[in-house]
Amino acid sequence: MFTEPTVYRLFSSKVGILKVLLDVSIAGDDEPTALPARANVVSLLDEDDPHRVLAGFAAIATQINRRTNDLYDVLSRAADSDAEAAELLGSLRDQRDRGQEQIVRALHRKHKLRPGLKARDAS
């Protein structure tokens, strides 16, 4: 069992612990592969059917949200009074936004966005 000083030495802070928990919860495992490089994400970005792309990413987002909901709530509350937590929350939001933009770019490259809809407006 870890003692409190040992945990802080390993993770530097409570927010550090929360970050590791969120990283594992977002990915669903502790493999070092970033979410955008995972086979299920890459295959969806290569998919030609926009309905399958969106359904696939909706399923992935649902799985992530189920795994991270409680941790994300803790982080959101901590961000109100802790600068390190607020920075982590902002970083997670930026990562989510970049992921959404990646989906839009993939659909745009394949000309699968609604006619006249620009990629910047879709993200």
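Predicted model only: the values in this text are computed from it and were never measured.

Visitor: Please clarify how the packing of helix 3 (residues 39-46) against helix 4 (residues 50-79) should be interpreted in this entry.
Guide: Each packed pair of helices is defined by two parameters, the angle between the axes and the distance between the axes. Where helix 3 contacts helix 4, the two axes come as close as 9 Å, and the packing angle between them is 155°. By the angle between their axes, helix 3 is roughly antiparallel relative to helix 4. The hand of the helix 3/helix 4 crossing is left-handed. Contacts from Asn-40, Val-41, Leu-44 and Leu-45 of helix 3 reach helix 4 at Arg-52, Val-53, Gly-56, Phe-57 and Ile-60.

Visitor: Before we go on, may I ask you to explain the side chain of Arg-38 in this structure?
Guide: Within the fold, Arg-38 resides in the loop between helix 2 (14-27) and helix 3. Assessed through its relative accessible area of 12%, Arg-38 is described here as buried. At 3.0 Å, the side chain of Arg-38 and the backbone oxygen of Thr-33 are in polar contact. Excluding residues within four positions of it along the chain, Arg-38 makes contact with Ala-27, Asp-29, Glu-31 and Thr-33.

Reading guide: rules and limits
- Residues numbered from 1 in each chain as written.
- Predicted model: local features only at pLDDT ≥ 70, side-chain atom pairs only at ≥ 80, totals over all residues.
- Heavy atoms only, no water.
- Axes fitted to C-alpha atoms, helices over the stretch in contact; angles between N-to-C directions.
- Helix = DSSP H or I, 4+ residues; strand = E, 2+ residues; numbered from the N terminus.
- Parallel < 35°, antiparallel > 145°, perpendicular 65-115°, else oblique.
- Left-handed = near helix turned anticlockwise from the far one by under 90°.
- Contact = heavy atoms within 4.5 Å.
- Buried < 20%, exposed > 50% of the residue type's maximum accessible area, 1.4 Å probe, protein only.
- Polar contact = N/O pair within 3.5 Å; in protein donor to acceptor, adjacent residues only side chain to side chain.

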